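Listed below are the residues making up each chain.
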Amino acid sequence: MGTLGESICPYCGVGCRLTLEGTASHVTRIRGVETAAANLGRICAKGAQLGPTIHTADRLAQPQFRLSRHDPFRTTDWDTALTYLAEIFTNILNTHGPEAVAFYGSGQLDTETVYVINKLFKGCFGCNNTDSNSRLCMAAAVAGYRTSLGSDGPPCCYDDIELADVILILGSNMAEAHPVLFDRIRDNKKARPDQRVIVIDPRRTATADIADLHLPVAPGGDIALLNAVGRMLLLMGATNQRFVDQHTEGFEEYRRFLLEQDLAELCATAGLEERSLYRLANFLASAGNLLSFYCMGLNQSTVGMWKNNSLINLHLLTGQIGKPGAGPFSLTGQPNAMGGREAGLLSHQLPGYRTVEDAEHRRQVEEFWGRRPRSISPKVGLTAVEMFRALEKGQLKAIWIAGTNPAVSLPDLHQVRRGLQRAQLVVVQDAYHPTETTRLADVLLPAAQWGEKEWTSTNSERTISYSPKLWEPPGVALPDWQIIARFAERLGFQGFRYSSAAEVWDEFIPLTSGRPCDMAGATSARLRTAVSLQWPCPTPDHPGSKRRYLDRRFATPSGRALFLPRDHREPREMPDHEFPFVLTTGRLYTHWHTLTRTAKAEKLLRREPAPFVEINPADALRLGLEEGDFVQISSRRGTVQLPARLRSGVAEGMVFVPFHWGDLYGEGNAANYLTISAIGRVAKQPELKFCAINLEKVASGARRVAGQEDRSQLERGQASSLATHQPPAATFLQGVLDATS
Ligand code: SF4
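Residues numbered from 1 in each chain as written. Predicted model: local features only at pLDDT ≥ 70, side-chain atom pairs only at ≥ 80, totals over all residues. Heavy atoms only, no water.

### Observations regarding the packing of aromatic side chains
Any pair of aromatic rings gets described here by the distance separating the centres and the angle formed by the planes.
Piece 1. All chains considered together, the criterion is met by 21 aromatic pairs.
Piece 2. Seen in terms of ring centroids, F103 and F121 are 5.9 Å apart; in terms of plane orientation they differ by 65 degrees. Their pairing is edge-to-face. Placement of the pair is F103 in strand β6 (residues 101–105) and F121 in helix α3 (residues 111–125), with a sequence separation of 18 residues. Across the pair, F121 and F103 agree in class, each one buried.
Piece 3. Here W400 and F487 contribute two aromatic rings whose centre-to-centre distance is 4.6 Å and whose plane-to-plane angle is 45 degrees, an arrangement assigned as tilted. Placement of W400 in strand β16 (residues 398–402) and of F487 in helix α21 (residues 480–490) is noted, with a sequence separation of 87 residues between them. Across this residue pair, the class does not change: W400 and F487 are buried.
Piece 4. An aromatic cluster of at least three residues, connected via ring pairs, comprises F89, F103, F121, F125, W400, F487 and F493. (Phe/Tyr/Trp six-rings, centres within 6.5 Å; stacked < 30°, edge-to-face > 60°. Helix = DSSP H or I, 4+ residues; strand = E, 2+ residues; numbered from the N terminus. Buried < 20%, exposed > 50% of the residue type's maximum accessible area, 1.4 Å probe, protein only.)

### Side note on the packing of helix α9 (residues 222–235) against helix α12 (residues 263–270)
Piece 1. At a minimum axis distance of 8 Å, the contact between α9 and α12 shows a crossing angle of 145 degrees. Helix-helix and strand crossings are classified by hand; for α9 and α12 the assignment is left-handed. For the pair α9 and α12, the contacting residues are A224, L225, N227, A228, R231 and M232 in the first and L263, L266, T269 and A270 in the second.
Piece 2. For the contact of α9 with α12, the residue count by class is seven nonpolar, two polar and one charged. (Axes fitted to C-alpha atoms, helices over the stretch in contact; angles between N-to-C directions. Left-handed = near helix turned anticlockwise from the far one by under 90°. Contact = heavy atoms within 4.5 Å. Nonpolar A, V, L, I, M, F, W, Y, C, P; charged D, E, K, R; others polar.)

### Things to note about unusual backbone geometry
Piece 1. Cis geometry is adopted by the peptide bond preceding P434, which originates at H433 and carries an omega value of 10 degrees.
Piece 2. Inspection of the secondary structure assignment puts P434 in the loop between β17 (425–430) and β18 (443–446).
Piece 3. Here the amide bond leading from W535 into P536 is cis, since omega sits at 5 degrees, within 30 degrees of zero.
Piece 4. Among the secondary structure elements, P536 is positioned in the loop between β21 (533–534) and β22 (561–562).
Piece 5. Even without a glycine there, the phi angle at K684 is positive, about 60 degrees.

### Points about helix α11 (residues 251–260)
Piece 1. Residues F251, Y254, F257 and L258 constitute the buried set of α11. Buried residues along α11 cover an arc of 125 degrees about the axis, so they all sit on one side.
Piece 2. Of the surrounding elements, those touching the buried residues of α11 are α9, α10 (241–247), β11 (248–249) and α15 (304–317). (Arc of directions from axis to C-beta.)

### Describing the site of the ligand
Piece 1. Surveying the vicinity of the ligand reveals the residues C9, Y11, C12, G15, C16, C44, K46, G47, P179 and V180.
Piece 2. Mapping the ligand onto the cavity grids shows that it belongs to the second largest cavity.
Piece 3. Considered class by class, the residues forming the shell around the ligand number seven nonpolar, two polar and one charged. (Near = heavy atom within 4 Å. 1 Å grid on protein atoms, 1.4 Å probe; cavity = no way out; pocket = protein on both sides within 12 Å on 5 of 7 lines; lining within 4 Å. Sits in = over half its atoms within 2 Å of the grid points.)

### Thoughts on the pairing of strand β8 (residues 166–170)
Piece 1. Extensive coverage of β8 is indicated by the burial of five of its five residues.
Piece 2. Along β8, one buried face is formed by V166, L168 and L170 and the opposite face, lined by I167 and I169, is buried too.
Piece 3. Across five bridges, the pairing between β8 and strand β9 (residues 196–200) is parallel. Paired with L168 across the two strands is I198, which belongs to β9.
Piece 4. Here β8 pairs with strand β12 (residues 290–294) via five bridges, running parallel. From the neighbouring strand, V166 faces β12, where its bridge partner is L290. (Pairing = 2+ DSSP bridges.)

### A word on the side chain of T584
Piece 1. When you line up the elements, T584 lands in strand β23 (residues 581–586).
Piece 2. The exposure class assigned to T584 is buried, which follows from its relative accessible area of 11%.
Piece 3. Apart from residues lying up to four places away in sequence, T584 is in contact with M654, V655, F656, V657 and K689.

### Some thoughts on the nonpolar core
Piece 1. Core analysis: the largest hydrophobic core is formed by 66 residues, its most contacted members being F89, L120, F125, W400 and F487.
Piece 2. No other element matches the 10 residues that helix α2 (residues 78–96) contributes to this core.
Piece 3. Leaving out residues up to four positions away in the same chain, F125 has contacts with F89, L93, P98, V101, L120, F487, L491 and F493.
Piece 4. Judged by nonpolar contacts, the second largest core, of 50 residues, contains L410, A423, F581 and V640. (Core = buried A, V, L, I, M, F, W, Y, C linked by side-chain atoms within 4.5 Å.)

### Regarding the sheet that holds strand β13 (residues 327–330)
In any sheet, the strands associate via hydrogen bonds between backbone groups, in a parallel or an antiparallel arrangement.
Piece 1. With parallel pairing, the five strands of this open sheet are ordered in space as β10-β9-β8-β12-β13. The sheet is open, and its two borders are formed by β10 (213–215) and β13, each paired with just one other strand. When the angles between neighbouring strand axes are averaged without regard to direction, this sheet yields 15 degrees.

### Overview of α3
Piece 1. If you check α3, its first and last C-alpha atoms are 20 Å apart, about what 15 residues at 1.5 Å a residue would give, namely 21 Å.
Piece 2. Of all the 15 residues making up α3, 15 are buried; the element is thus mostly covered by neighbouring parts of the structure.
Piece 3. Just downstream of α3, G126 is the residue with a positive phi angle, here 75 degrees. (Expected span 1.5 Å × (residues − 1).)

### Digging into empty space enclosed by the protein
Piece 1. For the structure on display, the rule yields four cavities of 30 Å³ or more.
Piece 2. The computed volume of the second largest cavity comes to approximately 90 Å³.
Piece 3. Every residue lining the second largest cavity is listed: C9, Y11, C12, V14, C16, L18, I43, C44, K46, G47, P179 and V180.
Piece 4. Counting only elements with at least two residues in the lining of the second largest cavity, the list comes to α1 (45–48) and α8 (179–191).
Piece 5. Looking at the lining of the second largest cavity, its residues break down into 10 nonpolar, one polar and one charged. (Points joined across faces, edges and corners; volume = space filled by probe spheres on them.)

So, in structure tokens, the structure goes:
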């Protein structure tokens, strides 16, 4: 068997480059590419087990539709499907206006697709209702970088791992969620035993196994912890005054704020002893270079942006930014979450790190797209959670979902399902069917996946990578950008006749010229020969930039980074007598998101075949639970029943449930039937890491069919909404059905 070619891994944001061996019809082996800067030959089990996920029986190969959600899907051709969708969208846009439609995408989508979607929705419809599952992962990191440093995008790179003296990992289980990067830290620590690794996480995860110090912060106590450490650093004279004076603003206010804080209170809120925090402060104060990694634990909170600001404050205080080996490094969860941000998929964004609220930004993009003045709306569009609320209220009529499975991944799934059931039109563009979301759709559009198309992505360290097409997609599946472009043409819009992904890319990158994420020099031709290019990369002869802010000029109007004093705020739903425990959710090493791919890899599934709940042994004793006993977990939104795993790494009063499993693997047992859809005020990121729950042992013989009560409630709702479900262009489809029957 020969080498088939190379591709970027379609899972996490590390962005490993993989070599595929075998043939187009049978990938036999996948290895990490030795020369790839992102992974240096490493690979994790998910990447290595991609082979069995490619040519599967559940690949969506033809467009499909149905007139009623009680009916089975019928296959059709692209022409019919897109004509139908064009008719229905025109009808809704004419009747209800542009804000009645929405696009909900993914960090899985390539940059070319994101660009075309924005051009259609924001540029042509005048509707900013485009958002993505990145809202669930890193909207708080985007807002944190923007408010503290003036621009989104991490300052650091993976090579900083070897240069750092202290690596601080907060709210990230890197060992399982970003394993290749974690392996690099572990290997480096072995070679450099003097390097210190500190892990801050309420759970003792596999990441903490290499830590010199693990601090089990109380869930929701991060800001208190960071402020306590800031106060300690200030009082121990660890301030880098020269850096603060020359490159920051707001220090006096931050200093006063910290000194007014009561240290004992901060420690109590963080759930940690003062001496543990002094140990942490001493590590930070003595670090020549301090690098911090963070992810969902900081971001998935109603105060996620504030948590990000509080961490960045510490980097500014100690001058640990804008130099090799240092900086606050937000990890991205998906292969192109970064590219989605660069091309502007979130509902406040425009391409090139612009925003819809900025009149000059709107004008620049309108002019670039050849649209008339004021065609882009200044109103921030609906965000992920808001879209599904608006569907339920009937304000949003149609939703186009691509490359994501919100019927598993969004919080408060009963609400999400009610929203989808109320929608007049649900279009799902995906590579697989069924998923929990395709089962609720009216129209299914088959998308080519990673090895079946040319695509461009940006990983966590700003590396832009091109992946070639390696084999043909099944049936008539198309690259996502082509589906959207054909749909736009069907609606009669100009400017969507692209002949290739390269043409889309080369149209997009001038929009980044002069912007913080400048990729104007990363042309499609160059990307097809370069191993990797990190932005900023402003000209075709520019080598790319490993790090940002090396000149200590930040992207704020003054060029100075901002200290932003942030108070501790409680999570939205605190435990009480009725729901006395805290639920936190997260990922496992062997699975990725909603199992759409990883459940097809036998080796991965064998390792973690089913969901579970981790409970502290002391809590289990009080509840009369033993390993494997079934537990009913109830929140104000739903109930699920899962087998217990007794683990001392989970603090008393808290439980952990992985969020990967949805209804395809046991109706009504997904973790997100329990979670709360409360969102932050600015970042609008949901609080997936914290909600109040109750636990009860399920008596033997009393195990209900998973989700039984909730399902019957659900089905009652479904019956009433389906009875009124009337696609606006049903007459068109009825004609197609008559003609083909
Ligand atoms: Fe893929 Fe992430 Fe594993 Fe690398 S670490 S192989 S990108 S899942």
